[in-house]
Amino acid sequence: MTPAPRRALVVTVSDRAACGARADGSGPVLTGWLAGLGMDVTGPVVVPDDIDVVRATVRAAAGENQLVVTTGGTGIGPRDRTPEALGPLFDLTLPGVGEALRATGPPTACLSRSVAGVVGQCLVVALPGSPGACQDAVEVLTPVLAHALDQLGGGDHR
């Protein structure tokens, strides 16, 4: 019997995309990547840069998905507060993920506040909002994603 595909949700955090003033360029990059990995992916769901909205969206999604990837709100702009929205949700933090994302990007990657953690049995990763940064993140996350999700599902170390 073939196991059911893992479920994932992509959330774009952007005031401008949420109100229709700008097209979402990053969410489709991530949904395409996850679909290409064989995941049952939903999204992108577009929400404004609002701590309560981001937190509620991810909290609800964590109970139904093995992976939630957000894009946007990780910079230093006045409304970039995705890490603050997610921090209280994390049962475990995974600082190495954000460190790896910053280490492999262009010089401006050092300004990103990307975070990752576990909410229940769901991996949550917050990525920057640019399509280029999301593509860079795909390169970092692809080699470790299956192992991380296997571990969250109770798998043994290999």
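Model, not experiment: these values are computed from the prediction.

Examining the pattern of salt bridges
- Counting across every chain of the model gives three salt bridges.
- Of the charged contacts in the structure, one is a salt bridge between Asp15 and Arg79, with a shortest N-O distance of 2.6 Å. Pair noted here: Asp15 is in helix α1 (residues 15–18) and Arg79 is in the loop between β3 (67–71) and α4 (82–86), with a separation of 64 residues, a long-range link.

Some remarks on the side chain of Ser26
- Mapped onto the elements, Ser26 comes out in helix α2 (residues 26–36).
- Taking the relative accessible area as the measure of exposure, Ser26 reaches 2% and is therefore buried.

Observations concerning the environment of Ala85
- Within the element layout of this structure, Ala85 appears in helix α4.
- You can call Ala85 buried: its relative accessible area is 0%.
- Note: C-alpha distance between Ala85 and Pro131 (46 residues apart in sequence) is 22 Å.
- Here Ala85 is in contact with Ile51, Val54 and Arg55, once residues within four sequence places are set aside.

Looking at the environment of Gly105
- Among the structural elements, Gly105 can be located in the loop between α5 (95–104) and β5 (115–119).
- A residue is classified by how much of its surface remains accessible, and Gly105, at 24% relative accessible area, is partly exposed.
- Once the C-alpha coordinates of Gly105 and Gln121 are considered, the two residues, 16 residues apart in sequence, prove to be 28 Å apart.

Some words on the packing of α2 against helix α6 (residues 131–152)
- In contact at an axis separation of 9 Å, α2 and α6 are set at 25° when each is read in the N-to-C sense. With respect to α6, the element α2 is oriented roughly parallel. For α2 against α6, the interelement crossing comes out right-handed. Taken together, the residues of α6 that come into contact with α2 (itself represented by Ser26, Val29, Leu30, Trp33 and Leu34) are Pro131, Cys134, Gln135, Val138, Leu141, Thr142 and Leu145.
- Of the residues assigned to the contact of α2 with α6, the class counts are nine nonpolar, three polar and no charged.

Concerning the side chain of Thr82
- The topology assignment puts Thr82 in helix α4.
- In this view, Thr82 contacts Val13, Val54, Thr70, Gly72, Gly73, Thr74 and Ala126; residues no more than four positions away in its chain are not counted.

Quick notes on α2
- The set of residues buried in α2 consists of Ser26, Gly27, Leu30, Thr31, Trp33 and Leu34. Viewed end-on, α2 has its buried residues packed into an arc of 160°, placing them on one side of the element.
- Packing partners of the buried residues in α2 comprise β1 (7–13), β2 (40–47), β3, β6 (122–127) and α6.
- Looking one or two residues past α2, Gly38 carries a phi angle of roughly 90°, positive in sign.

Section: the pairing of β6
- Counting buried positions along β6 gives six out of six residues, so the element sits mostly inside the fold.
- Burial of the side chains of β6 extends over both faces: Cys122, Val124 and Ala126 are buried on one face and Leu123, Val125 and Leu127 on the other.
- What sits between β5 and β6 in their antiparallel hairpin is a turn of two residues, with Gly120 showing a positive phi close to 65°.

Thresholds, definitions, all that
Residues numbered from 1 in each chain as written. Predicted model: local features only at pLDDT ≥ 70, side-chain atom pairs only at ≥ 80, totals over all residues. Heavy atoms only, no water. Salt bridge = Lys/Arg side-chain N within 4 Å of Asp/Glu carboxyl O. Helix = DSSP H or I, 4+ residues; strand = E, 2+ residues; numbered from the N terminus. Buried < 20%, exposed > 50% of the residue type's maximum accessible area, 1.4 Å probe, protein only. Contact = heavy atoms within 4.5 Å. Axes fitted to C-alpha atoms, helices over the stretch in contact; angles between N-to-C directions. Parallel < 35°, antiparallel > 145°, perpendicular 65-115°, else oblique. Left-handed = near helix turned anticlockwise from the far one by under 90°. Nonpolar A, V, L, I, M, F, W, Y, C, P; charged D, E, K, R; others polar. Arc of directions from axis to C-beta. Pairing = 2+ DSSP bridges.

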